[in-house]
Amino acid sequence: MSKVLLIASDHAGYELKNSLIDLMGTEFFEDLGPDSDKSVDYPDYVKKLINEMKIDSNKKGILICGSGLGMSISANRYEGIRAALCSNSDMAILARKHNDANILVLPGRFIDVNTAKLCIDNFLNTNFEGGRHSRRIKKIDL
Ligand code: RB5
């Protein structure tokens, strides 16, 4: 299977990133770092991941920081990016159905690895509903 999912974190998301890779398999993810829990700046990893998505638009992304907030705020500044911060699996379903999210953001300090995995499963396996949600998404870009 090709690596469908880009994943990156900051230091506060490093542990969950590693736990997810251990649980789901290295073949599943393209790990964009960091390689340790040494302090880093989350916008640098947002940029790295979105640059990869621009190269291959079929790829989706996972970003993890401590609260998920910094990664979300930063990622959503990029054109065409809809990054959804999810702390449970139902939110991940809605992020796809209603928001056509192309990045799932996880809060490393506030979610366990099994819930995070369920979020990823739902993020990957749920389709956008379109219809009225397309109209709303078109209104997001200013
Ligand atoms: C790092 O301490 C923390 O600020 C960061 O991971 C994130 O939660 C920021 O929004």
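J.: Help me understand the overall build of the chain in this model?
T.: The helix and strand tally for the chain stands at six helices and five strands. The C-alpha atoms of the chain give a radius of gyration of 14 Å, which matches the 14 Å a tight globule of 142 residues would have. Over its C-alpha atoms, taken along the principal directions, the chain stretches across nearly 40 × 30 × 30 Å. The burial tally for the chain puts 44% of its 142 residues in the buried class. Restricting to contacts in the chain with at least 6 residues of sequence separation, those with at least 24 account for 67%. Of the roughly 7,800 Å² that the chain leaves accessible, carbon and sulfur atoms contribute 48%. Charge-centre separation for the chain: the mean point of 19 positive side chains lies 9 Å from the mean point of 19 negative side chains.

J.: When you look at the site of the ligand in this model, what are you seeing that I'm missing?
T.: Every residue close to the ligand is listed here: Asp10, His11, Ala12, Tyr42, Cys65, Gly66, Ser67, Leu69, Gly70 and Arg109. Asp10 is positioned such that a nitrogen or oxygen atom in its side chain is 2.6 Å from an oxygen atom of the ligand. Gly66 has a polar backbone atom sitting 2.8 Å from an oxygen atom of the ligand. Of the residues contributing to the shell around the ligand, the split by class is four nonpolar, four polar and two charged.

J.: Sorry, what's going on with helix H5 (residues 113-125) here?
T.: Count 3.6 residues to each turn of an α-helix, and residues three or four apart come out pointing the same way. With 13 residues, H5 extends 18 Å between its outermost C-alpha atoms, agreeing within 8% with the 18 Å of an ideal straight helix rising 1.5 Å per residue. Looking only at H5, the buried set comprises Ala116, Cys119, Ile120 and Phe123. The buried side chains of H5 occupy one side of the element, clustering within an arc of 100 degrees when seen end-on. On its buried side, H5 packs onto strand S1 (5-9), helix H1 (14-24), strand S2 (29-31), strand S3 (60-65), helix H4 (89-97) and strand S5 (103-107). N-cap assignment for H5: the residue whose side-chain oxygen lies 3.1 Å from the backbone N of Asn114 is Asp112.

J.: Whenever I open this one, the sheet that holds S2 confuses me. Can you help?
T.: To summarise the sheet geometry, strands pair through backbone hydrogen bonds and adopt either a parallel or an antiparallel arrangement. Judged by pairing direction, the sheet is parallel, and its five strands sit side by side in the order S2-S1-S3-S5-S4 without closing on themselves. Each end of this open sheet is capped by a strand with a single partner; those strands are S2 and strand S4 (83-85). The sheet shows a mean angle of 25 degrees between the axes of neighbouring strands, direction not considered.

J.: I would appreciate a short explanation of the pairing of S5 in the present structure.
T.: On any regular strand, side chains alternate: one points to one face of the sheet, the next to the other face. Counting buried residues in S5 gives five out of five residues, a clear majority hidden from the surface. Where S3 lies against S5, five bridges are found, and the strand directions are parallel. Paired with Cys65 across the bridge in S5 is Pro107. Pairing between S4 and S5: three bridges, direction parallel. Paired with Ala84 across the strands is Leu104, a residue of S5. On the question of chirality, the crossover connecting S4 to the parallel S5 by way of H4 is right-handed.

Rules used in this analysis
Residues numbered from 1 in each chain as written. Predicted model: local features only at pLDDT ≥ 70, side-chain atom pairs only at ≥ 80, totals over all residues. Heavy atoms only, no water. Helix = DSSP H or I, 4+ residues; strand = E, 2+ residues; numbered from the N terminus. Rg over C-alpha atoms; globule rule 2.2 N^0.38 Å. Buried < 20%, exposed > 50% of the residue type's maximum accessible area, 1.4 Å probe, protein only. Contact = heavy atoms within 4.5 Å. Areas by Shrake-Rupley, 256 points an atom, 1.4 Å probe, with all protein chains shown as cover. Lys, Arg positive; Asp, Glu negative; His and termini not counted. Charge placed at Lys NZ, Arg CZ, Asp CG, Glu CD. Near = heavy atom within 4 Å. Polar contact = N/O pair within 3.5 Å; in protein donor to acceptor, adjacent residues only side chain to side chain. Nonpolar A, V, L, I, M, F, W, Y, C, P; charged D, E, K, R; others polar. Expected span 1.5 Å × (residues − 1). Arc of directions from axis to C-beta. Pairing = 2+ DSSP bridges. Axes fitted to C-alpha atoms, helices over the stretch in contact; angles between N-to-C directions. Right-handed = clockwise from strand over helix to strand, strands pointing away.

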